[in-house]
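# Observations on the three-dimensional arrangement
Each chain is listed here by its residues.
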Amino acid sequence: MCELCRKAKEVRGYDEFISRMLEEDKARLEYSKVMALSISLIGKSLFSSMNWPVKLVYPMFEARAAYAVPNNYFQNINVDGERLGNGFAHGAMRSFFFAGGKLVVFSKSVNFHDAKEFFTSFLLLHLEKGEYEAKEGAGEIRISADVEKPMVNLVSGKVEKKRVSFTFIHQPVIGRIVSKEQAANSARFKNVYDRYGGAQMKSSSMDMEGYAITVPHFSPHPYMLQLHKEFGFETNKDFQLKVADFIKEHLG
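Described below are features of the structure shown in this document. (Residues numbered from 1 in each chain as written. Predicted model: local features only at pLDDT ≥ 70, side-chain atom pairs only at ≥ 80, totals over all residues. Heavy atoms only, no water.)

## Describing the overall build of the protein chain
Note the cut-off: Here a strand is any run of E in DSSP of at least two residues, a helix any run of H or I of at least four, and the numbering for each starts at the N terminus. For every residue, the accessible area (1.4 Å probe, protein chains only) is compared with the maximum for its type, and the residue is labelled buried under 20%, exposed over 50%, or partly exposed between those bounds. We call two residues contacting when some pair of their heavy atoms lies within 4.5 Å. Method for areas: the Shrake-Rupley scheme with a 1.4 Å probe, in which residue coverage is limited to the protein chains shown.
Looking only at helices and strands, one finds 8 helices and 14 strands in the protein chain. Every one of the 252 residues in the protein chain was classed for burial, and the buried ones make up 51%. Sequence-distant contacts in the protein chain: of pairs separated by 6 or more residues, those separated by 24 or more amount to 66%. On the protein chain, roughly 12000 Å² of surface is accessible, and the fraction owed to carbon and sulfur atoms is 49%.

So, in structure tokens, the structure goes:
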């Protein structure tokens, strides 16, 4: 077990965050089943290749787009050729982690109705070695898959075969982490924001972490960043700068 995996099991606050997320997700799923009666697409968008609900206390890393603007926060993932929503929302995530030799991808899109949250997509996918590809070069890490798996439809309970494809990219972040002030004065930042909803929009990552990253990257899940000192880092940025090392240790 790597050092970060060990800490994830030992940091009490992280276990509590994951436990709370699981309870919230169970409530979201129940309401999603209700919403699926009127929005049929929901009944075709919630899948798991693992027994769920399950408590997953592992170091999770989010696959984020450059600048992580609210309407284009996560890197893309497709199910049967359809791109899942990649916008920021409370309860949404697009993370991956390593568990017992497997790569696990956990993606959720969340919306709300009548003050209750429900899933617009849910994907919990485990991949054995050989079902995904990892490449390193010039400081960049690429993790990709294009695989068909039997998965449980969490609304109907039936098993269906689904094809999932993605390419998650982490480019070197040294020199690519910018402050709020630097980002606000960046022409590229304004271009990205104009493309995804207007330059008046804030960067979700800047609001949470205090900085933006100008390239596609892997970031510690916000739960871990909130506990960065318990994980052994003085700042969020210190944690972020070690992400590539953690990933490489598992890809080894």
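From this point, the discussion proceeds with the structure in view.
## Considering the nonpolar core
We apply this condition: Among buried residues, the Ala, Val, Leu, Ile, Met, Phe, Trp, Tyr and Cys ones that are joined through side-chain atoms within 4.5 Å form a nonpolar core.
By size, the foremost hydrophobic cluster in this structure holds 65 residues, and its most contacted members are Y14, F96, F166, F218 and F231. No other element matches helix α2 (residues 12-35), which puts 8 residues into this core. With residues up to four places along the chain from it excluded, the contact list for F231 reads L4, K7, A8, V11, Y14, M224 and F239.

## Comments concerning the pattern of salt bridges
A side chain of one charge can pair with a side chain of the opposite charge when the charged atoms of the two come close. Using the following cut-off: Criterion for a salt bridge: a side-chain nitrogen of Lys or Arg within 4 Å of a carboxyl oxygen of Asp or Glu.
A complete count under the given rule lists 19 salt bridges for this structure. Measuring nitrogen to oxygen at the nearest pair gives 2.8 Å for the salt bridge that ties D25 to K108. Taken together, the residues span a long stretch of sequence, with D25 in helix α2 and K108 in strand β7 (residues 102-113) at a distance of 83 residues. Accessibility assignment for this pair places D25 and K108 in one class, buried. Ionic pairing is found between R64 and E62, a salt bridge with its closest N-O pair at 2.9 Å.

## So, the side chain of N153
By the element assignment, N153 lies in strand β10 (residues 140-153). Once residues within four sequence positions are removed from consideration, N153 is found in contact with G43, L46, F47, K158 and E160.

## Overview of the state of the cysteines
What counts here: The rule for a disulfide is simple: a pair of cysteine sulfur atoms within 2.5 Å.
Taken as a whole, this structure holds 0 disulfides when the rule is applied. With no disulfide of its own, C2 has C5 as its nearest cysteine by sulfur position, at a separation of 3.2 Å. The class of C2 is buried, set by a relative accessible area of 11%.

## Describing the pairing of β7
Note the cut-off: A pair of strands is considered paired only if DSSP assigns at least 2 bridges between the two.
One ladder, built from 7 bridges, connects strand β6 (residues 93-99) with β7; its direction is antiparallel. The residue bridging R94 from the neighbouring strand is S107, located in β7. Hairpin geometry of β6 and β7 is characterised by an intervening segment of 2 residues between the two adjacent antiparallel strands and by a positive phi of about 55° at G100. The sheet contact formed by β7 and strand β8 (residues 116-127) spans 11 bridges and is antiparallel. Bridging across to β8, S107 finds its partner in L123. Counting the residues between successive antiparallel strands, the hairpin from β7 to β8 contains 2 residues, one of them, D114, with a positive phi of roughly 50°.

## Regarding α2
Here is the rule we go by: In a helix, the anticipated span is given by 1.5 Å times the number of residues less one.
Between its first and last C-alpha, α2 extends 35 Å over 24 residues, near the 34 Å set by a 1.5 Å rise per residue. Among the structural elements, α1 (3-10), β1 (46-48), β6, β7, β8 and α6 (222-226) are those in contact with the buried residues of α2.

## Thoughts on the environment of K242
With respect to the element layout, K242 can be found in the loop between α7 (236-241) and α8 (243-251). Each C-alpha atom of the pair K242 and S219 lies 9.7 Å from the other, and the pair is 23 residues apart in sequence.

## Quick word on the pairing of β10
As paired elements, β1 and β10 share 2 bridges and run antiparallel to each other. From the neighbouring strand, F47 faces β10, where its bridge partner is N153. As paired strands, strand β9 (residues 133-137) and β10 are joined by 5 bridges and run antiparallel to one another. When the sheet's bridge partners are listed, G137 is paired in β10 with E140. Connecting β9 to the next strand, β10, in antiparallel fashion are 2 residues, including A138 with a positive phi near 55°. Strand direction decides the pairing type here: β10 and strand β11 (residues 159-170), joined by 12 bridges, are antiparallel. By the bridge assignment, V152 is partnered in β11 with V159.

## Things to note about the packing of aromatic side chains
Here is the rule: A pair of Phe, Tyr and Trp rings is counted when the ring centres sit within 6.5 Å of each other, with Trp represented by its six-membered ring. The angle between the planes then sorts it: under 30 degrees is stacked, over 60 is edge-to-face, the rest tilted. Both a distance and an angle decide whether a charge sits over a ring: NZ of Lys or CZ of Arg must be within 6 Å of the ring centre and within 35 degrees of the ring normal.
Across all of its chains, the model carries 18 aromatic pairs by this definition. Both rings, one in F96 and one in F218, keep their centres 4.9 Å apart while their planes meet at 75°; by these two values the pair is edge-to-face. Note that F96 is positioned in strand β6 and F218 in strand β14 (residues 217-220), a separation of 122 residues in sequence. A relative accessible area of 1% means that F96 is categorised as buried. Its end group placed over the ring of Y58, K9 keeps NZ or CZ at 4.1 Å from the ring centre.

As far as function goes, none of this settles anything; it's purely spatial.
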